[in-house]
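# Summary of the model geometry
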Amino acid sequence: MSEQYDLVQAVRKVVEDRRSIRQYTEEPVSEEALEMILEAGRLAPSGENAQPWRFIVVKDPETRKKMGAIAGGGSGRRFTAEFVTQKMQERFASLEDEAKRKAAFEKLTSGQVSAFLAEAPVNIVVCGRKDVWDLPYDTSAAIENMLLMVTALGLGACWVIAPCIDIRDEERLKDLLGVPEGLKVVSIIAVGHPARYPRPRPRIPLHELVYREKWGVPYYEPKEEGK
Ligand SMILES: Cc1cc2nc3c(=O)[nH]c(=O)nc-3n(C[C@H](O)[C@H](O)[C@H](O)COP(=O)(O)O)c2cc1C
């Protein structure tokens, strides 16, 4: 009973403590830790147990720099598109301080967001077999497993999709890393020792997410403040 309870508490803590870490110290990630992270990915579930994921571990600073530049460009274009289609303005509507809003828009469209992955001592490039129908789901399961293991190890990571959204960026990555035809570059996980542990990003409460039997009837009552 108590062993089970300890396990539940441990899992809960890992899930709660996971954050997207975007600043790292220079301390390298040990081979033992790296293998545990990759092993967590390997053990993820996949449709029909297809295991379509393949991983490339990149530590070389020059390669990381190039990947960081591709990621920065990808983020810049995505957020510029969000800006011109007014989606970004909608997203930041509750931010009343005009100067802060302007600064956020400038940062997001700068082409620098996501470039941080070059600063992480390890980039795990997650690739996958294109012929497997469930590829996006399967690789997402593997990535989340890895992020949780990263957290349990006291390391920090960020799931970065920015360099893989635009097919032209993905082609650049494939050239850089020699990824063969038939495989897709799905995401990059930047891993390192956290230089900063950010506050949790807000989450939608359960009472707004879960319905009872049919869509529309909340399963939970709103919780009182502080509970
Ligand atoms: C599918 C996916 C793609 C993401 N891509 C990026 C990315 O390209 N760049 C980045 O800085 N963060 C990226 N993130 C991290 C999210 O911004 C982050 O998970 C979210 O803001 C919640 O913050 P948290 O992870 O600290 O809880 C991505 C996360 C997911 C799940």
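Here, the structure is the one placed above.
So, a few notes on the structure that sits alongside this text.

What counts and how
Residues numbered from 1 in each chain as written. Predicted model: local features only at pLDDT ≥ 70, side-chain atom pairs only at ≥ 80, totals over all residues. Near = placed C-beta within 6 Å. Helix = DSSP H or I, 4+ residues; strand = E, 2+ residues; numbered from the N terminus. Nonpolar A, V, L, I, M, F, W, Y, C, P; charged D, E, K, R; others polar. Axes fitted to C-alpha atoms, helices over the stretch in contact; angles between N-to-C directions. Parallel < 35°, antiparallel > 145°, perpendicular 65-115°, else oblique. Contact = placed C-beta atoms within 7 Å. Buried ≥ 20, exposed ≤ 12 C-beta atoms within 10 Å, placed from the backbone. Pairing = 2+ DSSP bridges. Expected span 1.5 Å × (residues − 1).

## Section: the site of the ligand
Neighbouring the ligand are Arg19, Ser20, Arg22, Ser75, Val113, Ser114, Cys158, Trp159, Val160, Ile161, Ala162 and Arg201. For the shell around the ligand, the element with the highest residue contribution is strand β3 (residues 156-160), accounting for 3 residues. Residues that form the shell around the ligand fall into these classes: 6 nonpolar, 3 polar and 3 charged.

## Section: the packing of helix α1 (residues 2-17) against helix α6 (residues 135-152)
For any two helices packed against each other, one specifies the inter-axial angle together with the distance between the axes. Relative to each other, α1 and α6 sit at 100°, their axes nearing to 9 Å. As judged from the angle between their axes, α1 and α6 are roughly perpendicular. Note on element contacts: α6 touches α1 through Leu148, Thr151 and Ala152, opposite Val14, Val15 and Asp17.

## Observations concerning the pairing of β3
Burial runs high along β3: 4 of the 5 residues are buried. Across 5 bridges, β3 lies against strand β4 (residues 183-192) in antiparallel orientation. Across the sheet, Ala157 pairs through a bridge with Val191, a residue of β4.

## Brief notes about the environment of Lys107
Turning to its location among the elements, Lys107 is positioned in helix α5 (residues 98-109). Its 11 C-beta neighbours within 10 Å are what place Lys107 among the exposed residues. For Lys107 and Gly76, which are 31 residues apart along the polypeptide, the C-alpha to C-alpha distance reads 9.0 Å.

## Describing α6
A rise of 1.5 Å per residue sets the reference length of α6, with its 18 residues, at 26 Å; its end C-alpha atoms lie 26 Å apart and thus fit the reference within 8%. Buried-residue contacts for α6 involve α1, α2 (31-42), β1 (53-58), β2 (122-129), β3 and β4. Immediately downstream of α6, the backbone of Gly154 shows phi near 80°, a positive value.

## Things to note about the sheet that holds β4
Taken together, the 4 strands give an open sheet; going across it, the order is β1-β2-β4-β3, and neighbouring strands pair in antiparallel fashion. At either end of the open sheet lies a strand with only one pairing partner, and these are β1 and β3. Ignoring which end each strand starts from, the neighbouring axes of this sheet average 25° apart. Against the sheet, helix α3 (residues 61-84) engages β1, β2, β3 and β4, with an angle of about 120° to β1.

## Re α3
The end-to-end C-alpha separation of α3 is 34 Å, in line with the 34 Å expected for 24 residues at 1.5 Å each. Buried within α3 we find Arg64, Met67, Gly68, Ile70, Ala71, Gly72, Gly73, Gly74, Ser75 and Phe79. Looking one or two residues beyond α3, the residue adopting positive phi is Gln86, at roughly 70°.

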